[in-house]
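Below, each chain spelled out in residue letters.
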Amino acid sequence: MYQNWQELEKACSGCQKCILGKTRTNLVFGVGNPEAKVLFIGEGPGEQEDLKGEPFVGRSGQLLDKMLDAVDLDRHKNIYIANMVKCRPPQNRDPLPEEQEECIGWLRAQTALIRPKIIVCLGRIAAMRIIDPKIKITRQHGQWVEKGGIWMMATLHPAALLRDPRKKPEAFEDFLSLRNKMRELQIDV
Ligand code: URA
């Protein structure tokens with residue numbers, strides 16, 4: 001158990017637990033307010049994220065920021081954003097189960113310090129690992145489950161919305177539902 005955020009970030013910064021450590025430009029620890037009550041979890045860094053060392057800074061990140069803004073959320077103020085894996089998988093392939101396994105300890109340590117009341121999984125990879133290995137995200141996105149005192153929901157990955165913009169309204173409903181859940185749990189923005 002890490003005592004504070006700085007200690008955790010420092011320990012994580014040189015991680016070489018899996019092969020993704022060899023090819024990364026930057027480790028992408030996360031962005032946001034570690035005191036926030038809402039934690040978003042994506043899949044893993046892409047090219048832009050690897051170059052900048054920040055999650056969701058490419059096109060899908062711009063879309064994510066817009067959807068967040070529509071419900072008064074801001075990556076620098078009232079949420080925290082992390083990924084299932086902290087280093088870029090080559091050619092943006094899905095992170096392998098063993099890479100996720102090696103990396104998840106960092107995410108668990110982040111979650112232990114943040115103590116979020118809500119976790120939103122961005123896309124299938126995070127949803128399968130965090131919510132339910134059998135989740136069918138096309139059908140089950142927007143559904144809430146409570147686990148260990150934390151409310152969890154999966155929504156469609158912003159990259160999937162860029163590939164198929166017809167799905168944007170469905171994803172936006174999930175963000176409205178998040179806003180309602182925050183109100184219900186008396187989480188201020
Ligand atoms: N996609 C993700 O899942 N995470 C990022 O940080 C960027 C793109």
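Given the structure is predicted, the values throughout are model-derived calculations rather than measurements.

Quick notes on the rules
- Within each chain, residues carry numbers counting from 1 in the order of the written sequence.
- Local features are withheld for residues below a pLDDT of 70 in this predicted model, meaning they are given only at 70 or higher, and side-chain atom pairs are given and counted only at 80 or more; totals for whole chains, interfaces and linings count all residues.
- Hydrogen atoms and water are omitted, and side-chain values are computed over all heavy atoms in the structure.
- Relative accessibility decides the category of a residue: with a 1.4 Å probe and only protein chains considered, values under 20% of the type maximum give buried, values over 50% give exposed, and everything between is partly exposed.
- Secondary structure counts use DSSP, requiring at least four H or I residues in a row for a helix and at least two E residues in a row for a strand, with both numbered from the N terminus.
- The pairing criterion for strands is at least two bridges between them, as found by DSSP.
- Here a residue is considered near a molecule or strand provided that any single heavy atom belonging to it is located within 4 Å of it.
- Think of a polar contact as two N or O atoms within 3.5 Å of one another; within protein, one of them needs to be a possible hydrogen donor and the other a possible acceptor, and neighboring residues in sequence only count if both atoms come from side chains.
- Only the protein chains shown count as covering a residue, and every accessible area follows the Shrake-Rupley method with a 1.4 Å probe.
- Amino acids outside the nonpolar list (Ala, Val, Leu, Ile, Met, Phe, Trp, Tyr, Cys, Pro) and the charged list (Asp, Glu, Lys, Arg) are all regarded as polar, and Gly is one of them.
- By convention a nonpolar core is built from buried Ala, Val, Leu, Ile, Met, Phe, Trp, Tyr and Cys residues, the set being connected through side-chain atoms within 4.5 Å.
- Contacts were defined at the residue level, with two residues in contact if any of their heavy atoms lie within 4.5 Å.

(A) Focus on the pairing of strand β2 (residues 38-42). Of all the five residues making up β2, five are buried; the element is thus mostly covered by neighbouring parts of the structure. Both faces of β2 are covered, namely the face carrying Val-38, Phe-40 and Gly-42 and the face carrying Leu-39 and Ile-41. Relative to strand β3 (residues 80-83), β2 runs parallel, the two sharing four bridges. Opposite Ile-41, over in β3, you have Ala-82 as the bridge partner.

(B) A look at the site of the ligand. In the vicinity of the ligand, the contacting residues are Gly-42, Glu-43, Gly-44, Glu-49, Pro-55, Phe-56, Asn-83 and His-157. Within the backbone of Glu-43, one N or O atom sits 2.7 Å away from an oxygen atom of the ligand. Contact with the protein chains hides 92% of the accessible area of the ligand, taken as 240 Å² for the molecule alone. Partitioned by chemical class, the residues of the shell around the ligand number two nonpolar, four polar and two charged.

(C) Main features of unusual backbone geometry. With phi around 50°, Arg-115 is a residue other than glycine that occupies positive phi space. Mapped onto the elements, Arg-115 comes out in the loop between α5 (97-114) and β4 (118-122). Judged by relative accessible area, Arg-115 falls into the exposed class, the value being 65%. Residue Gln-186 is not a glycine yet carries a positive backbone phi of 55°.

(D) Structural context of the nonpolar core. The biggest cluster of nonpolar side chains holds 56 residues, and the ones touching the most others in it are Phe-40, Ile-130 and Leu-178. It is α5 that contributes the most residues to this core, six residues altogether. Residues within four places of Ile-130 in sequence aside, it is in contact with Ile-41, Met-84, Leu-107, Ile-119, Cys-121, Lys-147 and Met-152.

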